[in-house]
Amino acid sequence: MTEHLPALQVVIPLLCAPICMLVRYRDWSWVVALFGSWASLAIAWVLLQQVIATGTISYHMGNWAPPLGIEYRIDLVNAFVLLIVSAIAAVVTPYARESLRTEFGSNRIYMFYTAYMLCLCGLLGVTITGDAFNLFVFLEISSLSSYVLIAMGNDRRALTAAYQYLVLGTIGATFIVIGIGLLYAETGTLNMVDLAKRLADQPLSRTIGAAFGFLVVGISLKLALFPLHLWLPNAYTYAPSVVSAFLAATATKVAVYVLLRFLFTVFDVELSFGFMPLDTILFVLAVIAMFAASAVAIFQTNLKRMLAYSSVAQIGYMILGISFANVNGLAAGVLHLFNHALIKGGMFLALGCIFYRLATVNINDMAGMGRRMPWTMAAFVVGGLGLIGVPLTVGFISKWYLVLGALERDWWLAAALVLISSLLAVVYVWRVVEVAYLKPIPENATKIEDAPPAMLIPTWLLIGASIYYGINTELTVGVAKQAAQQLLGVS
Amino acid sequence: MAAVGLYNYWIVVFLMMAGFYIVIAHDNLVKKIIGLNVFQASMFILYITFGKVQGGTAPIIAEGITTYSNPLPHVLILTAIVVGVATTALGLALVVRINEAYGTIEDDEIHVQDEES
C-alpha cells in the first residue's frame, strides 16, 4: 500500500471530484471533499517523512519504466510543496461549508466541490510529476478548474475576471507547451531527469535558448511575476472568499515551484544564470514587484484587492530569493512559499469571516471592527504582522534568509531594498488597524457577533501556524535548506 | 532552399503571431477566443512537424516498412487538442454568462459599465 502513495496523492482528489458531482446533496459532497483533502494531507505528510528518511522516491506509473513511462519523482522540494498545498486544502475545506452558505446558491454547491477537488488534484499533480508533458496536463486541469471557481463569485465582475484569467492563463500554458516541445525536439525525451542529463551532454543551441525563453515567460505568467500579474488582482478580488484563500495560498506557489524545477533541475544553474542572464532579469522584476505592487496596495479600498496586490509583492520576494542563486537565497524562496501560504491563506480566511457578517470588505465599513469582531480582526492583524516581517512571525524568518542570501552575494543594495519595501507593508497593514481599532463604531451599525467557530478555527489554525513556525523553525528551515542544496546540486 | 524546407515552421510562426495579435488587439470576447484557438493551433502544427521523419510513413507495423514517423508527438498533441477544446468550451460559456450579466460582449463597453457601477 505505502509504495503506491505517490499515485494515491493525485488519484484520491481526482476520484473525489466525480463523486461530489454524483452525490449532489450539498453536505454529502462537502464530506467527500473533506475526506479528499484530509487524505491528501495525510499522504503528503507520510511522503515527506519517507523522503527525509530514505531520500528521493521514484514511482513508475503503471509499472512503465522511465524515461518512456511517466515517472512521479518526489524529492525534498516537491514533498514540501505537496505538504503546503494539501495542508491549505485541509484547512480551507472545513471553512468552506459555512462560508459558502452565504455566498452561494445552495443548489450549485456540489459543483463548487467538484471544481475544487479537480483544482486540488491538478495542483498536486503538477507538483508530484517528473514528466514535462504530464506537468502541462495537470497544469491545465488546475487552471481550468480555477477559472470555474473564480467565475462562481457573486459579483458579475467575477465573470470578466475569470475570462481575463482564462485568456492569459491559456497563453501562459501554450508558451509552456511550446517550450516543452522545443526541448523534446532537441533531446527526444520528456522525463525531467533524462532531459537534464541529455541537455548537459549537448552544446547550447538556439533551440534550447528559445525553449528556455518560452518556458520562463509561460511560467512567469502563471506565477504572476510583475509585469505579468494583470490577471491576479481581479481574480482574487471577485472570487468567493474560500477560493481567494485557496488559490492565493496554493496556485501561485505551485507555479513558483515549477519555475524552480525548470531552472535548476532541467536546465542547470550555468545555463539559467550564465548562458541566459536570467538572474539579473528576475532581480529587477522582483524588486519592481516588491515596490510597485506594495505601493498600489496602499491605495486600495477593497481589502481583498489590497491583499491581492500584496500577493504580487510577496511573490517578488520569492523570485528575489531565486535570483540570488545561492543556498540561503533559494532557501528563503522555498521558505517563503510555505510562510506566505500560511499568512495569505489566513488573512483571506479572516476577510471571508468579515464578509460573512458584513457582506462587504470595503475599508470604509471597517470602522470599529476590532471591537465588533475581535477574534477575526486579531487574526487579520497577526497575519499582517507576518506580511511585514515582524520577529516571532514566519515573515521574519523568510526575510532573514533573504537578507543573508543577499549579503552572501555582496548585494548590499538588495538587502536594503528588502527592508525598505517592508515599510510599505507597514503602511497598508496600519491603514486597516487604524480604521478597525482607533475609529469608533458607527452609531447606525447593527450589532453583529464574531464569525462562527467553524470559520474562526480554520482561520486561527493558519494564523497560529504562522506564529508557531516563526518560533520553531526546525522543520521549515531544515527542509528548505536541504531542498535548496538539492536544487543547486551542492551538499 | 532551406527556407522552403522550413515551410511548416513559417506557417507556425505566422499562425502564432496572428492568433496572439487577435487576442491582444480585439475587444470582442468571442474573437479573442478564436484568436486563442489560432494561437494554440500553431502549437499543434509545431508538434506534428517535429514528429515527421523524411520519407517515413504512418507508424503502423507492416511488412517492408522500416522508416516511419514518430508517433509520440501526435499522441501528445491529441491530449493538447482535448485541453484546447475544454478551454474553448469554458471560455465560450463564460462569454455567454458575461452577455447575460452585462448585455454586451465588447470589452470596452463592459469596462465602461464597471466604471459606472
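Residues numbered from 1 in each chain as written. Chains lettered and ligands numbered in written order. Predicted model: local features only at pLDDT ≥ 70, side-chain atom pairs only at ≥ 80, totals over all residues.

I'd like a rundown of the overall build of chain A, residues and numbers included.
Along its length, chain A carries 20 helices and 2 strands. Here the C-alpha atoms of chain A give a radius of gyration of 21 Å, agreeing with the 23 Å that 2.2 N^0.38 yields for 491 residues. Principal axes of the C-alpha set define a box for chain A whose edges measure 75 × 55 × 40 Å. In chain A, which comprises 491 residues, the share counted as buried stands at 62%. Long-range contacts, defined here as pairs at least 24 residues apart, represent 80% of the contacts in chain A between residues at least 6 apart. (Helix = DSSP H or I, 4+ residues; strand = E, 2+ residues; numbered from the N terminus. Rg over C-alpha atoms; globule rule 2.2 N^0.38 Å. Buried ≥ 20, exposed ≤ 12 C-beta atoms within 10 Å, placed from the backbone. Contact = placed C-beta atoms within 7 Å.)

Which residues make up the overall build of chain B, and what values go with them?
The secondary structure content of chain B amounts to 5 helices and 0 strands. What you see in chain B, going N to C, is helices and strands ordered as α-α-α-α-α. Its C-alpha atoms give chain B a radius of gyration of 20 Å, more than 25% over the compact-globule value 13 Å for 117 residues. The C-alpha extent of chain B, read off along each of the three principal axes, is 70 × 30 × 10 Å.

Quick rundown of the interface of chain B and chain A? Include the residues and the values.
If you look at the interface, chain B gives 25 residues, while chain A gives 23 residues. Elements supplying a minimum of two residues to the side of chain B that touches chain A: helix H3 (29-51), helix H4 (71-102) and helix H5 (107-116) of chain B. Residue contributions to the side of chain B that touches chain A peak at 13 residues, all from H4 of chain B. Residues that form the side of chain B that touches chain A fall into these classes: 18 nonpolar, 4 polar and 3 charged. (Nonpolar A, V, L, I, M, F, W, Y, C, P; charged D, E, K, R; others polar.)

Give me the packing of helix H2 (residues 26-54) of chain A against helix H4 (residues 109-128) of chain A: which residues, what numbers.
Residues and elements named next belong to chain A. It is at 8 Å that the axes of H2 and H4 come closest, and there the two elements cross at 15 degrees. Considered as vectors, H2 and H4 are oriented roughly parallel to each other. When the axes of H2 and H4 are compared, the crossing they make is left-handed. Counting all contacts with H2, which are made through Arg 26, Ser 29, Trp 30, Val 32, Ala 33, Gly 36, Ser 37 and Ser 40, the residues of H4 involved are Ile 109, Tyr 110, Tyr 113, Tyr 116, Met 117, Leu 120 and Leu 124. (Axes fitted to C-alpha atoms, helices over the stretch in contact; angles between N-to-C directions. Parallel < 35°, antiparallel > 145°, perpendicular 65-115°, else oblique. Left-handed = near helix turned anticlockwise from the far one by under 90°.)

Which residues make up unusual backbone geometry, and what values do they have?
Note on backbone geometry: most residues besides glycine have negative phi, and most peptide bonds are trans. All names here are of chain A. The linkage connecting Pro 66 with the following residue, Pro 67, adopts the cis geometry, with an omega of 5 degrees. Tracing the chain through its elements places Pro 67 in the loop between strand S1 (57-60) and strand S2 (71-74). Phe 226 connects to Pro 227 through a cis peptide bond whose omega is 0 degrees. Phi is positive for Arg 24, which is not a glycine, with a value near 65 degrees. Among the structural elements, Arg 24 can be located in the loop between helix H1 (5-23) and H2. In this structure, Leu 392 is a non-glycine residue whose phi angle is positive, near 80 degrees. Within the secondary structure, Leu 392 sits in the loop between helix H16 (374-388) and helix H17 (394-408).

Explain the environment of Leu 68 of chain A to me, using residue names and the numbers behind them.
Residue and element names in this part refer to chain A. Mapped onto the elements, Leu 68 comes out in the loop between S1 and S2. C-beta crowding within 10 Å serves as the criterion here: with 13 such atoms nearby, Leu 68 is assigned to the partly exposed category. Sequence separation between Leu 68 and Asn 234 is 166 residues; the distance between their C-alpha atoms is 41 Å.

How would you sum up the nonpolar core? Please name residues and give values.
Within soluble globular proteins, side chains that are nonpolar tend to cluster in buried spots. In terms of nonpolar packing, the biggest core is built from 226 residues, with Phe 80, Ile 150 and Ala 162 of chain A touching the most fellow members. It is helix H14 (residues 327-358) of chain A that contributes the most residues to this core, 20 residues altogether. The contact partners of Ala 162 of chain A, leaving out residues within four places of it in the chain, are Tyr 147, Ile 150, Ala 151 and Ala 235 of chain A together with Leu 94 of chain B. (Core = buried A, V, L, I, M, F, W, Y, C linked by C-beta atoms within 7 Å.)

Break down helix H10 (residues 241-266) of chain A for me, citing the residues and quoting the values.
With 26 residues, H10 of chain A ought to run about 38 Å at 1.5 Å a step, and its terminal C-alpha atoms sit 36 Å apart, in line with that. Of all the bends in H10 of chain A, the largest measures some 40 degrees and sits at Leu 247 of chain A. (Expected span 1.5 Å × (residues − 1). Bend = angle between axes of the 7 residues up to and from the residue.)

Describe the packing of helix H6 (residues 157-187) of chain A against helix H8 (residues 206-223) of chain A, and please don't skip the residues or the numbers.
Residue and element names in this part refer to chain A. Between H6 and H8, the least distance of the axes is 7 Å, while the angle of their chain directions is 155 degrees. One finds that H6 runs roughly antiparallel with respect to H8. In the packing of H6 onto H8, the handedness of the crossing is left-handed.

Give a description of the confidence of the model for chain A that names residues and reports values.
The predicted model of chain A has a mean per-residue pLDDT of 88, with 99% of residues at 70 or higher. No element of chain A has a lower mean pLDDT than helix H11 (residues 269-275) of chain A, at 75, and none a higher one than helix H5 (residues 132-151) of chain A, at 93. (pLDDT = per-residue confidence, 0-100.)

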